[in-house]
Number of protein chains: 2
Amino acid sequence: MLARYSQIKLAILEQIEAGDMRPGDRVPSENQLTEEFGVSRMTARRALTELVDEGILMRSQGIGTFVSDDRPMSSMLTIRSIHDEITQRGHQHSCQVIQLAEVKACHQMSIWMSVTEGDSLYHSQIVHFENGKAIQFEDRFVNPLLAPAYLQQNFLTITPNQYLNKVAPLTEADHVIEAMLPAMDVAQKLDIAVSQPCLKISRRTFSAQGVVSYAQLYHPGHRYRLGGHLDF
Amino acid sequence: MLARYSQIKLAILEQIEAGDMRPGDRVPSENQLTEEFGVSRMTARRALTELVDEGILMRSQGIGTFVSDDRPMSSMLTIRSIHDEITQRGHQHSCQVIQLAEVKACHQMSIWMSVTEGDSLYHSQIVHFENGKAIQFEDRFVNPLLAPAYLQQNFLTITPNQYLNKVAPLTEADHVIEAMLPAMDVAQKLDIAVSQPCLKISRRTFSAQGVVSYAQLYHPGHRYRLGGHLDF
DNA sequence: TGTATGTACTTGTATATACAAGTTGTTTGA
DNA sequence: TCAAACAACTTGTATATACAAGTACATACA
């Protein structure tokens, strides 16, 4: 059962999606939504406020709330399997599983993955190679409830990403990209010096049921770049 | 007169800024804030909710609200002025113009900017500061035909990005992100050691008339991260 | 000892209400 | 005619309240 403010959000989004409301059009005022949906003004307000925060709507005091302009905003990072990425370049992909085990969630991890501290998590560490050279060290935690057979997978034939996308299709993701010096063990796994900068991507992926996985991906700075293209 | 929920937000931000609360620390619960500031729970809640939306705090039902990792994040999906990015975090932006001149296009640059080798280009070098700390070294080449008054701008009041977007609205962009060690002169401008990794973004921006600008943006790895969110 | 239960906390959702503040159009009055 | 005042709308801020849902810990019980 969805929260009522979520239902109102969906109703508005559907109308925009269907073209019933176009950019610049006025959406019902808080009071109109209050009557239409039989909720209090604060609930209607919450729906509008969140849509404004998400960039879908714009509002001005005294005037009203409106559908904002279309922002096509193609995402610059599509989430692709490292395997596809490498083979698409015509190169050979191989990988080595370093660890595959069940662990207990520490405090930090429990917050990131929205589980209780001490809950079971699956943990995998895999190094990916492109033409024999290490190109990614993947340190990943997985929610066992959403991917119960994770530990039984043969990651030499299917990447974690591919598997997770199969059992719990992605609906959302957020990620952070940073430049850093690798810890000693990371440097060793990537076969680089500790003074070689790394590109690190920390990514949480969501399915409809919640956080599926938290992955930290380390790439040797001199062997890997991220590219993207934006249209406006 | 600031709204009370804004005052509470500021109070919390100041404590984080001052180091009284560090990443992972617990912030007062809604009820504690209610007593401490003499406001209703909904008002305290609004302060926390907005800080969560801004990525400053994280919260879990039944557990509490915590300070999240405090390094600045910028959305990687949109091209924004570094000035907006910094002021939106409530921080102070300043910058220093190192160079502003007309140069001849070298071979490499002529290809990147789709001009003839030897053609005139405008070249600027600017260091941007967040609360006095260098956060971006911007090395930019501009097509004079599309932004003829570029050299006359006062970049202390308008960033190159803002100006270019005004005279030649962006239609497209592509960029490459990489981790690297800074050259000596870059390290010096960012006031970091040459052994400190940098996040480098190389970006070409297009308007309807063609390539407007080619920029190389260097950020200290330990002071800057790129963040993004994807929906499917 | 181990398990269930209760309690006290946390955040999440929802309502009803009040007044402030900004905008627009109409009406009133000089 | 023109300008001030007003009314009717909008969103913005703030309170008091209630219950739901998730977590943690102590306590009671078998």
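### Looking at the protein's contact with DNA strand D
- Not every one of the 28 residues close to DNA strand D is listed here, only the nearest: R41 and R59 of chain A together with R4, T43 and R46 of chain B.
- E30 of chain A is positioned with one of its backbone polar atoms (N or O) 3.2 Å from a phosphate oxygen of DNA strand D.
- A distance of 3.4 Å separates a base nitrogen of DNA strand D from a polar side-chain atom of R41 of chain B.
- Counting residues per element, the ones that place at least two in the surface near DNA strand D are helix 2 (30–37), helix 3 (41–53), strand 2 (57–60) and strand 3 (64–67) of chain A together with helix 1 (4–18) and helix 3 (41–53) of chain B.
- Sort the elements by how many residues they give to the surface near DNA strand D and helix 3 of chain B lands first, with four residues.
- Class assignment of the residues belonging to the surface near DNA strand D gives a composition of seven nonpolar, 13 polar and eight charged.

### Considering the protein's contact with DNA strand C
- Lining the immediate environment of DNA strand C, one finds 27 residues, of which R4, T43 and R46 of chain A together with R41 and R59 of chain B sit closest.
- Of what DNA strand C places within 4 Å of the protein, 67% of the atoms are sugar or phosphate.
- At 2.4 Å, a side-chain N or O of T43 of chain A approaches a phosphate oxygen of DNA strand C.
- At the level of secondary structure, the elements contributing two or more residues to the surface near DNA strand C comprise helix 1 (4–18) and helix 3 of chain A together with helix 2 (30–37), helix 3, strand 2 (57–60) and strand 3 (64–67) of chain B.
- Looking at the surface near DNA strand C element by element, the count peaks at four residues for helix 3 of chain A.

### Brief notes about the pattern of salt bridges
- According to the stated counting rule, one finds 14 salt bridges over all chains in the structure shown.
- A salt bridge links K9 of chain B to E50 of chain B; its shortest N-O distance comes to 2.8 Å. Placement of K9 of chain B in helix 1 and of E50 of chain B in helix 3 is noted, with a sequence separation of 41 residues between them.
- Among the residues examined, K9 of chain B registers a relative accessible area of 12% and is labelled buried.
- Overlapping salt bridges bring together E30, R41, R45 and R59 of chain A as one network.

### So, the domain arrangement of chain A
- The assigned domain composition of chain A is domain 1 (4–67) and domain 2 (82–220).
- The C-alpha centroid of domain 2 of chain A is placed 38 Å from the C-alpha centroid of domain 1 of chain A.

### Focus: the sheet that holds strand 3 of chain A
Residues and elements named next belong to chain A.
- Read across the sheet, three strands follow the order 1-3-2 without closing on themselves; strand pairing throughout is antiparallel. The strands lining the two open edges of the sheet, one partner per strand, are strand 1 (26–27) and strand 2.
- Here strand 2 runs beside strand 3; their pairing, made up of four bridges, is antiparallel. The partner of S60 across the bridge, within strand 3, is G64.

### Some words on helix 3 of chain A
All names here are of chain A.
- The end-to-end C-alpha separation of helix 3 is 18 Å, in line with the 18 Å expected for 13 residues at 1.5 Å each.
- Every buried residue of helix 3 is accounted for by A44, A47, L48 and L51. Around the axis of helix 3, the buried residues are gathered within 90 degrees of arc, so they sit on the same side. Facing away from the buried side of helix 3 by over 90 degrees, the exposed positions are M42 and D53.
- Of the residues flanking the end of helix 3, it is G55, one or two places downstream, whose phi is positive at about 85 degrees.

### Remarks on the packing of helix 1 of chain A against helix 3 of chain A
Residues and elements named next belong to chain A.
- Two numbers describe how helix 1 lies on helix 3: the axes approach to 8 Å, and their chain directions differ by 55 degrees. Taken together, the axis directions place helix 1 and helix 3 in an arrangement best described as oblique. Our pair here, helix 1 against helix 3, has a crossing hand that is right-handed. Touching R4, Y5, I8, K9, I12 and L13 of helix 1 are T43, A44, R46, A47, L48, E50 and L51, all from helix 3.
- Classifying every residue of the contact of helix 1 with helix 3 gives eight nonpolar, one polar and four charged.

Basis of the calculations
- Residues numbered from 1 in each chain as written.
- Chains lettered and ligands numbered in written order.
- Predicted model: local features only at pLDDT ≥ 70, side-chain atom pairs only at ≥ 80, totals over all residues.
- Heavy atoms only, no water.
- Near = heavy atom within 4 Å.
- Polar contact = N/O pair within 3.5 Å; in protein donor to acceptor, adjacent residues only side chain to side chain.
- Helix = DSSP H or I, 4+ residues; strand = E, 2+ residues; numbered from the N terminus.
- Nonpolar A, V, L, I, M, F, W, Y, C, P; charged D, E, K, R; others polar.
- Salt bridge = Lys/Arg side-chain N within 4 Å of Asp/Glu carboxyl O.
- Buried < 20%, exposed > 50% of the residue type's maximum accessible area, 1.4 Å probe, protein only.
- Domains from an automatic or database assignment.
- Pairing = 2+ DSSP bridges.
- Expected span 1.5 Å × (residues − 1).
- Arc of directions from axis to C-beta.
- Axes fitted to C-alpha atoms, helices over the stretch in contact; angles between N-to-C directions.
- Parallel < 35°, antiparallel > 145°, perpendicular 65-115°, else oblique.
- Left-handed = near helix turned anticlockwise from the far one by under 90°.
- Contact = heavy atoms within 4.5 Å.

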